[in-house]
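Architecture at a glance
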Amino acid sequence: MQIAQLLINNMFTIISLLLSALILHFIIQRMRFNLNEIKVKNVKYSAIISLIVVLVIVIIMTPLMLIFIESFIVNKLKISSNSGVGVIIYIIIAVLEITPVIIVAKLRKESLYSLGITKKNIFKSIFIGFISYFIYFIFIIIVEHRLKYIFHVNSVFSMWDFLNDTCTALSEEILFRGYLQNRLIKWIGDKKGLIVTALAFSFSHIFQRMLTGNMNFTNAIISVISLFPVALFLGYLFFKCKRDR
């Protein structure tokens, strides 16, 4: 029953996502983004290194930090993640995740732009980000109303939740879309680069789902599979907003 409910949740989420993607594709095609060249030395080698570094961070480093937070900070110190202290913890985690990537890029003399960090197209990128969330949210409401489906969401969404999610999203965008995707696209092409990055992003969340989402392995697999179209969508948005020559 739990698996069936999870599948239904994911199905309606994907429907809303696909509808959002169609509209955003239409909008993006009519916006002019500045083209910028991403320079990396030895594209193949840099792409392989980026894949290894990102996977080590999200499969080993991040789960260990989450285990420490859950077992020591939350359980022993009784500090909630939905608090000011919790936000500080998430900021520290984000910095720790991003730091190895920046160090590796600097050692290879690669610019911050190769990590997706740039002021170019920033206002258009922010606009696309807000409009994508708004359209997706609207479709979620429409699907819920038309199909008379009740989504099980947290009853309270606080400012701390928003800040925690922002920290997580920022580090993930730099790790996967800025660092990994940029290099994979230059090595194996646009479509393959987007797909491989989306796969890496999705399946890297298995342990996170099991640790923080209290899911068993089967539910975690179903959950991360449902992340794949989301990851493709995010990768497409990043690719269009931070385009290479």
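Before going into details, it helps to say that this report is about the structure given with it. None of the values given here were measured: they were computed from a predicted structure.

Topic: the overall build of the protein
When helices and strands are counted, the protein shows 8 helices and 0 strands. Order of helices (α) and strands (β) in the protein, N terminus to C terminus: α-α-α-α-α-α-α-α. Here the protein holds 245 residues, and the buried ones make up 40% of them. Within the protein, counting contacts between residues at least 6 apart in sequence, those at least 24 apart form 83% of the total. Carbon together with sulfur atoms contributes 71% to the accessible area of the protein, which is approximately 14300 Å² in total.

Brief notes about the packing of helix α6 (residues 190-203) against helix α8 (residues 217-241)
With their axes 8 Å apart at the nearest point, α6 and α8 run at an angle of 135° to one another. Viewed along their axes, α6 and α8 adopt a mutual orientation that is oblique. The way α6 lies across α8 gives a crossing that is right-handed. Residues Asp190, Leu194, Ile195, Ala198, Leu199, Phe201, Ser202 and Phe203 of α6 form the contact with α8, whose participating residues are Val224, Ile225, Leu227, Phe228, Ala231, Leu232, Gly235, Tyr236 and Phe239. Grouping the amino acids of the contact of α6 with α8 by side-chain chemistry returns 14 nonpolar, 2 polar and 1 charged.

Concerning the side chain of Ser202
Within the fold, Ser202 resides in helix α6. Looking at Ser202, its side chain comes within polar contact range of the main-chain nitrogen of Phe228, at 3.2 Å. Leaving out residues up to four positions away in the same chain, Ser202 has contacts with Val224, Leu227, Phe228 and Ala231.

Description of the side chain of Ser204
Within the secondary structure, Ser204 sits in the loop between α6 and α7 (206-212). Those residues in contact with Ser204, other than ones at most four positions away along the chain, are Val58 and Phe176.

Observations regarding the pattern of salt bridges
Evaluation of the coordinates by the stated rule reveals 3 salt bridges. Among the salt bridges present, the one from Glu110 reaches Arg108, with a minimum N-O distance of 3.2 Å. Each member of the pair, Glu110 as well as Arg108, carries the same accessibility label: buried. Each of Arg108, Glu110 and Arg183 takes part in a single network of salt bridges with overlapping partners.

Focus on the nonpolar core
Counting residues in hydrophobic clusters, the biggest one holds 21 residues, and the most contacted among them are Val53, Val101, Phe176 and Tyr179. Dropping the residues within four chain positions of it, Val101 is found in contact with Val53, Ile57, Leu115, Leu175 and Tyr179. Ranked by size, the runner-up nonpolar core spans 10 residues in total, among them Leu24, Phe233, Leu237 and Cys241.

Considering the environment of Ala94
Counting through the fold element by element, Ala94 comes out in helix α3 (residues 84-107). In this structure, the C-alpha to C-alpha distance between Ala94 and Leu170, residues 76 residues apart in sequence, is 7.6 Å. Contact partners of Ala94, with chain neighbours within four places excluded, come to Cys167 and Ser171.

Quick word on α8
In an α-helix, one full turn covers 3.6 residues, which means residues spaced three or four apart are oriented alike. Taking 1.5 Å per residue as the helical rise, α8 with its 25 residues ought to reach 36 Å, and the 35 Å between its terminal C-alpha atoms agrees with that figure. At Phe228, α8 shows its strongest bend, of approximately 30°, with the proline Pro229 following within four residues. For α8, the capping residue at the N-terminal end is Asn216, with a side-chain oxygen 3.2 Å from the backbone nitrogen of Thr218.

Some remarks on unusual backbone geometry
A positive phi is found at Asn42, a non-glycine position, where the angle reads about 50°. The backbone of Lys109 shows a phi angle near 60°, a positive value even though the residue is not glycine. The topology assignment puts Lys109 in the loop between α3 and α4 (122-146). Given a relative accessible area of 67%, Lys109 falls into the exposed group.

Comments concerning the packing of aromatic side chains
Here the structure, examined in full by the defined rule, presents 1 aromatic pair. Look at Phe176 and Phe201: their rings are 5.1 Å apart centre to centre, the planes differ by 90°, and that puts the pair in the edge-to-face class. Taken together, the positions of Phe176 in helix α5 (residues 159-188) and Phe201 in helix α6 put the pair 25 residues apart, joining distant regions of the chain. Residue Phe176 is classed as buried on the basis of its relative accessible area, which comes to 1%.

Basis of the calculations
Residues numbered from 1 in each chain as written. Predicted model: local features only at pLDDT ≥ 70, side-chain atom pairs only at ≥ 80, totals over all residues. Heavy atoms only, no water. Helix = DSSP H or I, 4+ residues; strand = E, 2+ residues; numbered from the N terminus. Buried < 20%, exposed > 50% of the residue type's maximum accessible area, 1.4 Å probe, protein only. Contact = heavy atoms within 4.5 Å. Areas by Shrake-Rupley, 256 points an atom, 1.4 Å probe, with all protein chains shown as cover. Axes fitted to C-alpha atoms, helices over the stretch in contact; angles between N-to-C directions. Parallel < 35°, antiparallel > 145°, perpendicular 65-115°, else oblique. Left-handed = near helix turned anticlockwise from the far one by under 90°. Nonpolar A, V, L, I, M, F, W, Y, C, P; charged D, E, K, R; others polar. Polar contact = N/O pair within 3.5 Å; in protein donor to acceptor, adjacent residues only side chain to side chain. Salt bridge = Lys/Arg side-chain N within 4 Å of Asp/Glu carboxyl O. Core = buried A, V, L, I, M, F, W, Y, C linked by side-chain atoms within 4.5 Å. Expected span 1.5 Å × (residues − 1). Bend = angle between axes of the 7 residues up to and from the residue. Phe/Tyr/Trp six-rings, centres within 6.5 Å; stacked < 30°, edge-to-face > 60°.

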